[in-house]
Amino acid sequence: MADSIFSARMDQLRKELEEHNHRYYVLAQPSISDREYDALLEELTQLELENPELVRSDSPTQRVGGAPLEGFETVAHRVPMISLANSYNLEDLQAFVDRLHKLLPAEQFGYILEPKVDGVALSLRYENGILTQALSRGDGRSGDDITANIRTIESIPLRLRGDAPPVLEVRGEVYMPAEGFRRLNREREESGQPPFANPRNSAAGSLKLLDPRQVAKRPLDAVFYAVGDLEGIEFNTHSELLAALGDFGLRRPPKHWSCENFAELEQALNENLEAKGTYPFEMDGAVIKVNQRNLYEELGSTAKSPRWAMAFKYEAEQVETLLRDITIQVGRTGVLTPVAELQPVLVAGTTVSRATLHNWEEMHRKDIRIGDRVIIEKAGEIIPAVVRVVPEHRPADAQPFPLPESCPACGGPVEQREGEVAWRCSNPVCPAKSQSWIKHYVSRRAMDIDSLGEELIKQLLEAELIQDPADLYELAGRRASLLGLERMGAKSVDNLIKGIEESRERDFWRLLHGLGIPQVGEKTAQLLEEAYADLDQLMQAGEEELQSIDGIGPNMAADIVSFFALPDKQLLIQRLREAGVNFSRGEQEEIQESALTGKAVVLTGTLTQMTRNEAKDALTKLGAKVTGSVSSKTDLLIAGESAGSKLAKAEKLGIEIWDEAALLRLLES
Ligand code: IVH
């Protein structure tokens with residue numbers, strides 16, 4: 001009796017919470033406050049705790065599952081997830097329309113045009129309205145079972161609304177909204193993890209995590225636009241299908257267009273492009289589908305894609321503007337880069353006033369001159385580029401931009417090294433070089449000294465208070481001179497000095513990045529940190545040894561060795577050492593006896609549950625010796641995802657091989 005009272009109340013709470021979830025996440029029209037929602041959720045949670053036998057897997061409290069998985073199971077798709085043929089211009093689109101009319105001469109049909117969502121493809125299976133399985137695309141025939149991860153996405157209903165059929169498989173795309181992507185990357189950078197290149201990669205990476213609790217923290221969302229396996233339901237048209245998905249409580253792309261003919265498709269293509277900025281996802285084109293689903297079977301598919309649909313990719317947006325001037329930027333290694341100073345124009349949603357011209361060779365190849373009208377292009381997140389000049393509009397007196405005779409910043413000599421296209425300033429004390437170098441040293445991805453901005457660096461250089469990064473640590477003893485600078489009060493000076501002092505404790509890889517070794521970016525710096533416990537060990541490494549590190553090629557190895565061989569760099573390093581800057585990977589923790597004590601272990605491939613550094617630290621703590629390359633002396637290879645040559649070599653040598661899951665099991669025990 002008591003049970004049925006609880007059970008009725010729990011049913012009601014679940015229904016109400018589902019309704020509010022739908023209003024909030026799918027319709028974006030919440031009708032109660034967060035507090036009221038939390039109170040309902042709390043009541044349900046409490047009742048479920050007291051009546052565990054009444055907990056249902058589709059309850060709103062059950063989104064984030066228990067323990068991390070060991071790996072994903074591969075499951076066959078009941079209906080393959082095939083891809084779409086691409087078109088890039090209106091001729092391609094016309095050909096698609098013509099082909100359809102040729103294949104179906106007697107039929108009347110129309111089209112639906114939708115935005116193409118640049119995310120990660122997903123298939124959801126609902127049985128009698130309950131979400132039972134979520135699969136990734138995989139190779140199209142079978143995918144990974146990522147149900148536990150997908151359940152954490154709040155806009156995806158665990159139970160469909162209304163009268164659900166016995167089987168409904170829906171297909172769509174998981175994406176990371178731009179704002180969430182920026183936030184996630186900020187957090188990653190702050191914690192020293194490499195940022196994701198774009199929202200698509202970060203969505204894909206998130207879905208590969210084995211711990212749903214981690215996935216729940218990732219700002220993911222999804223939209224649905226197609227179906228797979230169906231039982232007990234049919235749709236006559238694609239627009240009917242879209243309407244039904246909405247009724248079932250699934251999110252769809254925010255817009256779609258019904259078109260009767262080519263002209264209407266062209267119009268819809270333009271409107272979709274204009275709406276780009278309003279979409280919550282990255283839109284990388286349009287998808288055009290025949291509306292009449294009864295024609296699909298007759299039209300059929302090629303091996304790769306259906307004949308009833310086609311993707312359309314927009315060309316990168318191009319605009320014309322005036323090239324007002326060309327300036328020269330001096331990089332931290334002295335490389336001189338010509339920069340186009342443009343009359344500001346709006347391209348792909350951002351105002352562009354500067355664009356790199358890369359180098360003289362490139363600039364002369366395109367024959368770019370001051371005063372030219374030029375075509376600027378910007379595609380998606382890509383940096384704007386000058387594509388070409390408009391020769392008809394060239395002023396009569398426009399001259400090719402000459403090769404640099406001297407450094408524009410210091411007047412010092414310039415040189416072009418053998419085998420390089422770049423011109424460099426060869427003055428070792430060029431202030432512009434120093435400025436770029438120090439700016440790099442203090443940047444967020446290197447030593448992260450945020451009390452030292454670009455303007456202040458300029459002031460310090462002009463006052464000859466600094467010339468290289470080591471000088472920063474001597475500023476504490478020059479308070480009087482600092483106070484003499486414009487706009488520098490006692491408080492700003494304290495703040496500056498504090499920021500610099502704190503940077504002495506930064507991670508070793510940050511210093512390696514900040515040193516400005518040619519070709520060594522953030523990622524390589526981290527690889528070097530993994531391979532070498534401290535700077536002294538790294539400085540002793542030869543080219544061959546460096547090359548044995550996965551991700552370091554012969555060129556880079558040579559640059560690293562030559563950098564440390566330069567007397568002025570050795571002096572700099574000596575001064576940084578005296579200033580107390582951290583030169584090592586960190587305290588070695590107490591070593592525990594384990595199965596791996598004394599074993600030579602190599603890590604390769606991508607780990608999903610931890611960074612390589614974390615794995616390395618954990619292994620070192622267990623007494624293992626972690627080395628960079630596989631040889632007959634290696635005892636164990638731990639291979640993450642997409643491991644390559646090291647894995648092959650270990651297999652050949654008959655070395656024991658573990659996957660990441662095996663490592664995790666050992667660490668947990
Ligand atoms: S329909 C069999 N509609 O783009 C056709 N796909 O390049 C099923 N995509 O495989 C796909 N937005 O992963 C369709 N509005 C949309 C889409 C879309 C993005 C993805 C999908 C597809 C790929 C093809």
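All figures in this text were calculated on a predicted structure; none of them were measured in a lab.

According to the stated counting rule, one finds zero disulfides in the structure shown. Looking at the unpaired Cys-410, the closest cysteine sulfur is the one in Cys-407, lying at 3.7 Å.

The next subject is the pattern of salt bridges. For the structure on display, the rule yields 39 salt bridges. The shortest N-O distance in the salt bridge between Arg-78 and Glu-169 comes to 4.0 Å. Remark: Glu-169 occurs in strand 7 (residues 167-175) and Arg-78 occurs in the loop between strand 1 (74-76) and strand 2 (86-87); sequence separation between them is 91 residues. Take Arg-78: its relative accessible area is 54%, and that puts it in the exposed class. Arg-575 is the partner of Asp-468 in a salt bridge, and the nearest nitrogen-oxygen pair spans 3.1 Å. With Asp-468 in the loop between helix 13 (454-462) and helix 14 (469-472) and Arg-575 in helix 22 (residues 567-578), the pair connects residues that are 107 residues apart, well separated along the chain.

Next up on the list: the pairing of strand 11 (residues 309-312). Going residue by residue along strand 11, you find Ala-309 and Ala-311 tucked away on one face and Met-310 and Phe-312 tucked away on the opposite face as well. Where strand 2 and strand 11 come together, two bridges link them in parallel fashion. In the strand pairing of strand 11, Asn-86 is matched with Ala-311. In the sheet, strand 10 (residues 283-290) pairs with strand 11 via four bridges, with the strands oriented antiparallel. The partner of Ile-288 across the bridge, within strand 11, is Met-310.

As a further point, take the packing of helix 18 (residues 522-531) against helix 23 (residues 612-621). In contact at an axis separation of 10 Å, helix 18 and helix 23 are set at 5 degrees when each is read in the N-to-C sense. Between helix 18 and helix 23, the angle is such that the two are roughly parallel. Packed against helix 18, whose contacting residues are Gln-526, Glu-529, Glu-530 and Ala-531, the element helix 23 presents Arg-612, Asn-613 and Lys-616 at the interface. When its residues are assigned to classes, the contact of helix 18 with helix 23 shows one nonpolar, two polar and four charged.

Residue placement: Ser-305 occurs in the loop between helix 10 (296-299) and strand 11. The class for Ser-305 is buried, based on a relative accessible area of 8%. In this structure, Ser-305 is in contact with Ile-82, Ser-83, Leu-84 and Ala-85, ignoring residues within four places of it in sequence.

For the rest of this paragraph, the subject is the packing of aromatic side chains. Considering all chains together, one arrives at eight aromatic pairs under this definition. An aromatic cluster is defined as three or more aromatic residues linked by ring pairs; in this entry it consists of Tyr-175, Tyr-279 and Phe-281. The ring of Trp-437 is capped by Lys-569, whose NZ or CZ atom sits 5.4 Å from the centre of that ring.

With that out of the way, let us pick up the sheet that holds strand 21 (residues 636-639). With parallel pairing, the four strands of this open sheet are ordered in space as 20-19-21-22. The strands lining the two open edges of the sheet, one partner per strand, are strand 20 (625-627) and strand 22 (656-659). The sheet shows a mean angle of 30 degrees between the axes of neighbouring strands, taken without regard to direction. For strand 21 and strand 22, the ladder comprises four bridges, and the chain directions are parallel. Within strand 22, the residue paired with Leu-637 across the bridge is Ile-657. The sheet contacts of helix 25 (residues 660-668) involve strand 21 and strand 22, and relative to strand 22 the element is tilted by about 85 degrees.

What counts and how
- Residues numbered from 1 in each chain as written.
- Predicted model: local features only at pLDDT ≥ 70, side-chain atom pairs only at ≥ 80, totals over all residues.
- Heavy atoms only, no water.
- Disulfide = S-S within 2.5 Å.
- Salt bridge = Lys/Arg side-chain N within 4 Å of Asp/Glu carboxyl O.
- Helix = DSSP H or I, 4+ residues; strand = E, 2+ residues; numbered from the N terminus.
- Buried < 20%, exposed > 50% of the residue type's maximum accessible area, 1.4 Å probe, protein only.
- Pairing = 2+ DSSP bridges.
- Axes fitted to C-alpha atoms, helices over the stretch in contact; angles between N-to-C directions.
- Parallel < 35°, antiparallel > 145°, perpendicular 65-115°, else oblique.
- Contact = heavy atoms within 4.5 Å.
- Nonpolar A, V, L, I, M, F, W, Y, C, P; charged D, E, K, R; others polar.
- Phe/Tyr/Trp six-rings, centres within 6.5 Å; stacked < 30°, edge-to-face > 60°.
- Lys NZ or Arg CZ within 6 Å of the ring centre and 35° of its normal.

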